[in-house]
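Survey of secondary and tertiary structure
One-letter residues, chain by chain:
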Amino acid sequence: MAQGVIVETAHPTYAYRAADISPAATPTDVLALVGANGKCIRITKIGVSGSATAAALVDLYITKRTTLNSGGTSTNPTATKYDSLDPAPSATLVLYSANAASLGTGSGLEGDKIYLPAQASPAGEPTHWMTDYTGIEAKCPILRNANESVSINFAGASMPAGTSLYLYIEWTEEAGI
């Protein structure tokens, strides 16, 4: 019987999954990963899915910002370490329950429409939108200082009633250049 090969990075690896998130009525950035000075933060995966009271299509954007957002109401949830021996992450998570008062300067990395099925009587599977930057020839998004971030963003569009989101982000950290 052939054995599989496990390919594993030596870099500390972290993830965060937000479940059952009710975003602002017209959300902009909902989840951001903010870099850290002296570290190279490589985003390896980003994912979104969800549902709503009635089925809907919503626009989704992944934005890389070169200046930070300001204001709004947010928390800093704790990431999960893939290896309990890794140090605490240097990058910071920001989960917004009310939009930032001012969005930092940025540009789009990804954009798509996702399907949110009706919660009570789904007429199909929700979109399980995921970008996996591992194993591609191009670089993954990299944050090199505490002024940079990558955000899951809905561009201020009206969200359908009863929206419940699942958000996921995974990254590695190493000494920066």
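So, a few notes on the structure that sits alongside this text. (Residues numbered from 1 in each chain as written. Predicted model: local features only at pLDDT ≥ 70, side-chain atom pairs only at ≥ 80, totals over all residues. Heavy atoms only, no water.)

1. Focus on the overall build of the protein
Of regular secondary structure, the protein possesses zero helices and 12 strands. In the protein, the succession of helices and strands from N to C terminus is β-β-β-β-β-β-β-β-β-β-β-β. On C-alpha atoms alone, the protein measures out to a radius of gyration of 17 Å, which is about the 16 Å that the 2.2 N^0.38 rule sets for 177 residues. Residues counted as buried form 43% of the 177 residues belonging to the protein. In the protein, 88% of the contacts between residues at least 6 apart in sequence involve partners at least 24 apart. Carbon and sulfur atoms make up 53% of the accessible area of the protein, which totals about 9200 Å². In the protein, 10 positive and 15 negative side-chain charges are present, and the distance between their average locations comes to 6 Å. (Helix = DSSP H or I, 4+ residues; strand = E, 2+ residues; numbered from the N terminus. Rg over C-alpha atoms; globule rule 2.2 N^0.38 Å. Buried < 20%, exposed > 50% of the residue type's maximum accessible area, 1.4 Å probe, protein only. Contact = heavy atoms within 4.5 Å. Areas by Shrake-Rupley, 256 points an atom, 1.4 Å probe, with all protein chains shown as cover. Lys, Arg positive; Asp, Glu negative; His and termini not counted. Charge placed at Lys NZ, Arg CZ, Asp CG, Glu CD.)

2. Thoughts on the pattern of salt bridges
Counted by the stated rule, this structure contains three salt bridges. The salt bridge partner of Arg65 is Asp29, with a shortest N-O separation of 2.9 Å. Placement of Arg65 in strand 4 (residues 56–65) and of Asp29 in strand 2 (residues 29–34) is noted, with a sequence separation of 36 residues between them. The buried category is assigned to Asp29, whose relative accessible area is 1%. The residue Lys113 makes a salt bridge to Asp59 at a minimum N-O spacing of 2.6 Å. With Lys113 in strand 8 (residues 106–116) and Asp59 in strand 4, this pair connects stretches of sequence that are 54 residues apart. For Lys113, a relative accessible area of 47% puts it in the partly exposed group. (Salt bridge = Lys/Arg side-chain N within 4 Å of Asp/Glu carboxyl O.)

3. Brief notes about the pairing of strand 1 (residues 13–21)
If a strand is regular, its side chains alternate between the two faces of the sheet. Examined bridge by bridge, strand 1 and strand 12 (residues 164–175) share seven bridges and lie antiparallel to one another. What sits directly across from Thr13, in strand 12, is Thr172. As defined by bridge partners, strand 1 adjoins strand 6 (residues 80–81) across two bridges and the pair is classed as antiparallel. Bridge assignment links Ala15 to a residue of strand 6, and that residue is Thr80. (Pairing = 2+ DSSP bridges.)

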